[in-house]
Amino acid sequence: MFFTTFRSLANRNYRIWAAGALVSNIGTWMQRIAQDWLVLTELTHNNASAVGIVMSLQFVPQLLLLPWSGWAADRFDRRKFLIFTQSALGLVTLVQGLLVILGVAELWQVYVLAFLFGCAAALDLPARQAFVSDLVGEGDLVNAVGLNSTSFNAARMIGPAVAGAVIAAVGTGWVFIINAASFAVVLATLWRLKTACITKPRRSKTNGGLMEGLRYIAGRNDLITALVMAFLICTFGLNFPIFISTMSVREFHAGAGQYGVSVSIMAVGTLMGALIAASRANPSMRQLLLGAGVFGIGCIAAAVAPSYGLFAAMLVVIGLAAQTFNTSCNGLLQLTTAPEMRGRVLAIYLALALGGTPLGAPLVGWVADMWGPRWAMGVAAASGILAAAAALLYFAHLRKKAQQLLLSS
């Protein structure tokens, strides 16, 4: 069981990449906490809408750069391309940290830097997701995707708690500096990889870009259903910075340390979900249905939780369900997509999953400001229930099609 779950680590290149990714993921989660805390408590007076705007500006480039991001991931050498994007991400983060440390940071500057960071991330994500298959090949792809999620969520357990401690000890700005250093670690791992052992998949030679990817998806009902579900949950359900920060501050009157611990508590569930996904052979639409349904139910329970302890317990359930859905969706898309189309399909998936945040985050922030964070969590619950309904419609379509084939035979 242990070897099955962690078998991709037998690959030297993947081990090096995974080690650098873990360091970077910890820094990323530290920055997320610092950025939310900076906007919510230092630059505004508990303004959830401002947090939503920052999230929107950071993720809207996923939509703006969609015509190029997926095509670039399919067209260029991914290792070299990642060196460029990781360098850009580190530079933007460094500037943010220096502005805060020098005491000159203003809300508009956070908005601008969030947008620039989002532009670099929009180009980075499809290439980084597809790069995993270059490192491990098709046989271990699902396992490697699951281990990537495990790393990301292990960092979610560590990063927020460390960020809360750093903010309390030396201030918010140093969290950004630490994350900037983590990008340097990723760059070092990219240089250490043995290029001869990296698979060179067939590269796209066309300029079809976005339209070619859309035509490919249009012929696949399974991909359409998975993308619709991802859009619903990621746009209206995964706004955790808003949910957890406003519930912690307004409902349970917590400080920075307890807020960081709350995020880490949810990471316990997401880590469990990632490990379970890594041990499975193949993702399926049923796993997406299960993840979406449990996510919706968990959000309902969290929204009505009368105490912090019960709220924290529901965060574990929500984290497990969300990670089951995300990892299964990512693995399903990668494993069932032609290698030469993988970058574009992933770019469209990421644009819907992350680019939908500019629509969902301000809405959820507005709901939290107008009616309270419990109602905002109700929006998340609705997204999970609707996504589960989409999966049920897909299965109903399959049954109807099977019946028609049976009758015609």
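Residues numbered from 1 in each chain as written. Predicted model: local features only at pLDDT ≥ 70, side-chain atom pairs only at ≥ 80, totals over all residues. Heavy atoms only, no water.

Per an unreviewed UniProt entry, the protein chain carries the name MFS family permease and comes from Rhizomicrobium palustre. Taken from UniProt, the Subcellular location (unreviewed entry) comment for the protein chain reads in full: "Cell membrane". (UniProt positions renumbered as here; feature names shortened; annotations may be inferred.)

1. Regarding empty space enclosed by the protein
The tally for this structure, following the rule as stated, stands at four cavities of 30 Å³ or more. Looking at the second largest cavity, its volume works out to about 50 Å³. Lining the second largest cavity, in full, are Q31, Q35, Q58, V92, T93, Q96, L113, A114 and F117. Of all the secondary-structure elements, those providing two or more residues to the lining of the second largest cavity are α2 (12-42), α6 (78-101) and α7 (107-136). (1 Å grid on protein atoms, 1.4 Å probe; cavity = no way out; pocket = protein on both sides within 12 Å on 5 of 7 lines; lining within 4 Å. Points joined across faces, edges and corners; volume = space filled by probe spheres on them. Helix = DSSP H or I, 4+ residues; strand = E, 2+ residues; numbered from the N terminus.)

2. Here we look at a positive patch on the surface
A cluster of basic residues, R12, R15, R192 and K194, forms a positive patch at the surface. Among the secondary structure elements, R15 is positioned in helix α2. (Patch = residues over 30% accessible without salt bridge, like charges linked within 9 Å, V, L, I, M, F, W, Y side chains within 5 Å. Areas by Shrake-Rupley, 256 points an atom, 1.4 Å probe, with all protein chains shown as cover. Salt bridge = Lys/Arg side-chain N within 4 Å of Asp/Glu carboxyl O. Lys, Arg positive; Asp, Glu negative; His and termini not counted. Charge placed at Lys NZ, Arg CZ, Asp CG, Glu CD.)

3. Section: the packing of helix α5 (residues 66-75) against helix α16 (residues 342-353)
Contact geometry of α5 with α16 gives a least axis separation of 7 Å together with a crossing angle of 145°. Handedness of the α5/α16 crossing: right-handed. On α16, the residues that touch L66, S69, G70, W71, A73 and D74 of α5 are R342, G343, R344, A347, I348 and A351. In terms of residue class, the contact of α5 with α16 is made up of six nonpolar, three polar and three charged. (Axes fitted to C-alpha atoms, helices over the stretch in contact; angles between N-to-C directions. Left-handed = near helix turned anticlockwise from the far one by under 90°. Contact = heavy atoms within 4.5 Å. Nonpolar A, V, L, I, M, F, W, Y, C, P; charged D, E, K, R; others polar.)

4. Things to note about the environment of A353
By the element assignment, A353 lies in helix α16. If we ignore the near neighbours within four places in the chain, the residues touching A353 are A230, C234 and T235.

5. Details of the pattern of salt bridges
Across all of its chains, the model carries seven salt bridges by this definition. Residue R128 is joined to D124 by a salt bridge in which the shortest nitrogen-to-oxygen separation is 2.6 Å. You can see R128 and its partner D124 sitting in helix α7, four residues apart, about one turn around the helix. Exposure remark for R128: the relative accessible area of 27% places this residue in the partly exposed category. Residues R344 and E212 are paired through a salt bridge, measuring 2.7 Å at the closest nitrogen-oxygen approach. (Buried < 20%, exposed > 50% of the residue type's maximum accessible area, 1.4 Å probe, protein only.)

6. A closer look at the packing of aromatic side chains
Within this structure, the stated rule accounts for eight aromatic pairs. Between W71 and F76 the ring centres are 5.5 Å apart and the planes differ by 80°, which places this aromatic pair in the edge-to-face class. Considering the side-chain rings of F76 and F81, the 6.2 Å spacing of their centres and the 20° angle between planes classify their relative orientation as stacked. Exposure remark for F76: the relative accessible area of 38% places this residue in the partly exposed category. Residue classification places F81 among the buried positions, given a relative accessible area of 13%. Pairwise contacts between aromatic rings join W71, F76, F81 and F84 into one cluster. The residue whose ring lies beneath R32 is W29, and the NZ or CZ to ring-centre distance is 4.6 Å. The lysine or arginine in question, R79, covers the ring of W191, its NZ or CZ lying 5.6 Å from the ring centre. (Phe/Tyr/Trp six-rings, centres within 6.5 Å; stacked < 30°, edge-to-face > 60°. Lys NZ or Arg CZ within 6 Å of the ring centre and 35° of its normal.)

7. Concerning the side chain of D134
Counting through the fold element by element, D134 comes out in helix α7. In this structure D134 comes out as buried when scored by relative accessible area, which is 2%. Looking at D134, its side chain comes within polar contact range of the side chain of R78, at 2.9 Å. (Polar contact = N/O pair within 3.5 Å; in protein donor to acceptor, adjacent residues only side chain to side chain.)

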